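Structure assessment
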Amino acid sequence: MALEINNLKDFNDHPSVQLIKDKSRDCKTFDFQGVNPVQVKRELESLDVNKATGHDGISAKILKAGAEEISLPLAALYNSCIKKGQWPCGWKKEDWIPVHKKDDKNAKENYRPITVLSCVFERLLGNQITTKYDDHLCDCLTAYRKNNSCETSLIALVEDWKLA
């Protein structure tokens, strides 16, 4: 079931929205910048070869091994997407995979879902967002921020709930 936001005014008083507004009064608007082949190559070479293959079926090991050769055409493709302001739908396809955690393999509670995405383009754009806005964001926001994850978000939610 998709989450529907009926009224965007509901977020006007959110601490993160207020903090962004306060700190951004003198800032110019944000536009994604083009990426260069060196940046693409660096992201490809930093891929974890032990991670699962994304929806595209190309393993991180292959991408990493061919980083030198594919960084230039990928940079051109990414820059075309940035220039047009488009994110190809196929790049956001994800596969949910149940990963066994412990104990009985027949008990659904002993599995956790992971999402496997093709992420080089997303990481490049995320780096730009982080560089521009990290010091403008409320501490409770975790997307595109170093040392934050789903786990840190869940821990914060549980701790806040216990305090309420």
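A few words on unusual backbone geometry. A positive phi angle, near 55°, is found at Asp103, a position not held by glycine. With respect to the helices and strands, Asp103 occurs in the loop between strand E1 (95-100) and strand E2 (111-116). The exposure class of Asp103 is exposed, given its relative accessible area of 62%.

Here we take up the side chain of Asn110. Here Asn110 shows up in the loop between E1 and E2. Those residues within four positions of Asn110 in sequence are excluded, and the remaining contacts are Val99, His100, Lys101, Lys102, Asp103 and Asp104.

Looking now at helix H2 (residues 37-45). Those residues of H2 that sit buried are Val40, Glu43 and Leu44. Projected down its long axis, H2 carries its buried residues within an arc of 100°, all on one side. Among the exposed residues of H2, those oriented more than 90 degrees off its buried face are Val38 and Arg42. The inward-facing, buried residues of H2 contact helix H3 (60-65), helix H4 (67-84) and helix H5 (120-133). N-capping of H2 is provided by Asn36, with a side-chain oxygen placed 2.9 Å from the backbone N of Val38.

Looking now at the pattern of salt bridges. Pairs may arise between side chains of opposite charge once their charged atoms sit close together. According to the stated counting rule, one finds three salt bridges in the structure shown. Where Lys41 meets Glu68, a salt bridge forms, and the shortest distance between an N and an O atom there is 2.8 Å. Taken together, the positions of Lys41 in helix H2 and Glu68 in helix H4 put the pair 27 residues apart, joining distant regions of the chain. In this structure, Arg123 and Glu43 form a salt bridge, with 2.8 Å as the shortest nitrogen-oxygen distance. Here Arg123 is found in helix H5, whereas its partner Glu43 is found in helix H2, with 80 residues between them in sequence. The class for Arg123 is partly exposed, based on a relative accessible area of 28%. Exposure remark for Glu43: the relative accessible area of 11% places this residue in the buried category. Connected via shared salt-bridge partners are Lys41, Glu45 and Glu68.

Evaluated as defined, the whole model comprises two aromatic pairs. Ring geometry for Trp87 against Phe121: centres 5.0 Å apart, planes inclined by 50°, an arrangement best described as tilted. Linking Trp87 in the loop between H4 and E1 with Phe121 in helix H5, this pair joins segments that are 34 residues apart in sequence. A connected cluster of aromatic rings, assembled from ring pairs, spans Tyr78, Trp87 and Phe121.

Moving on to the confidence of the model for the chain. Confidence in the prediction for the chain averages 78 pLDDT; 80% of positions are at 70 or higher. By mean pLDDT, E2 is the weakest element of the chain at 72, and H2 is the strongest at 95. For residues 1-8, every residue scores under 50 in pLDDT, and the model assigns this stretch one contact once sequence neighbours within four places are set aside.

Let us look at H5. Between its first and last C-alpha, H5 extends 20 Å over 14 residues, near the 20 Å set by a 1.5 Å rise per residue. Turning to H5, its buried residues are Val120, Phe121, Glu122, Leu124, Leu125, Gly126, Gln128, Thr130 and Tyr133. Considering only its buried residues, H5 is in contact with H2 and H4.

Cut-off values and rules
- Residues numbered from 1 in each chain as written.
- Predicted model: local features only at pLDDT ≥ 70, side-chain atom pairs only at ≥ 80, totals over all residues.
- Heavy atoms only, no water.
- Helix = DSSP H or I, 4+ residues; strand = E, 2+ residues; numbered from the N terminus.
- Buried < 20%, exposed > 50% of the residue type's maximum accessible area, 1.4 Å probe, protein only.
- Contact = heavy atoms within 4.5 Å.
- Arc of directions from axis to C-beta.
- Polar contact = N/O pair within 3.5 Å; in protein donor to acceptor, adjacent residues only side chain to side chain.
- Salt bridge = Lys/Arg side-chain N within 4 Å of Asp/Glu carboxyl O.
- Phe/Tyr/Trp six-rings, centres within 6.5 Å; stacked < 30°, edge-to-face > 60°.
- pLDDT = per-residue confidence, 0-100.
- Expected span 1.5 Å × (residues − 1).

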